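Coordinate inspection notes
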Amino acid sequence: MYPLAWEVIGVIDTEGDCAEWTFPADPGAVRTARRAVRGQLHGWGLDSLGDLAALLVSELVTNALRHATGPIGLRLVRPSGRQGVLLVEVSDPVPDPPRERAARPEDESGRGLQLVASSSHRWGTRPGDTGKTVWFELAVPG
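The notes below deal with the structure included here. (Residues numbered from 1 in each chain as written. Predicted model: local features only at pLDDT ≥ 70, side-chain atom pairs only at ≥ 80, totals over all residues. Heavy atoms only, no water.)

Moving on, we get to the environment of Val77. You can see Val77 is positioned in strand β3 (residues 72-77). Between the alpha carbons of Val77 and Val88 there is a distance of 6.6 Å; along the sequence they are 11 residues apart. In contact with Val77, other than residues within four places in its own chain, are Asp17, Cys18, Trp44, Val85, Leu86 and Leu87. (Helix = DSSP H or I, 4+ residues; strand = E, 2+ residues; numbered from the N terminus. Contact = heavy atoms within 4.5 Å.)

Our focus in this paragraph is helix α3 (residues 112-119). Among the residues of α3, Gly112, Leu113 and Val116 are the ones counted as buried. All buried residues of α3 fall inside an arc of 95° around its axis, so they share one side. At its buried positions, α3 is contacted by α2 (50-67), β5 (122-127) and β6 (132-139). (Buried < 20%, exposed > 50% of the residue type's maximum accessible area, 1.4 Å probe, protein only. Arc of directions from axis to C-beta.)

Another point: the nonpolar core. By size, the foremost hydrophobic cluster in this structure holds 30 residues, and its most contacted members are Leu41, Val57, Val61, Leu74, Leu86 and Phe136. Those residues within four positions of Leu86 in sequence are excluded, and the remaining contacts are Leu41, Trp44, Leu49, Ala53, Val77, Arg78, Pro79, Phe136, Glu137, Leu138 and Val140. (Core = buried A, V, L, I, M, F, W, Y, C linked by side-chain atoms within 4.5 Å.)

Function cannot be inferred from these measures alone, as they are strictly geometric.
Structure follows, in structure tokens:
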């Protein structure tokens, strides 16, 4: 299932070893990004990573929506060979890097980056020309 065209600002590429989309800064972007991730990973034969990748993408897209007013980018890079890592990147126009925080048991938010950190192989952020990119890697089961 690929995202509907009206829910995506632009599909940059979904062929080859890289897939890229741009979503509006709208709450529907979270659902559409999850659908895009699952669909692309299915197409690449990486269904085993679909649920986890979609969950982590939804956390990062939600963070971007909370702080950004501009478009949100999503990029997947397929691992080379049967082993390796899937690279997932979420970009937004806000230059400030996200901050991991310790959520208290009664807090209703604040666990997204903890989830990304504990569930991924590696993760991090990097500044861009306009904004930042938050990325994570998932090990491909061998």
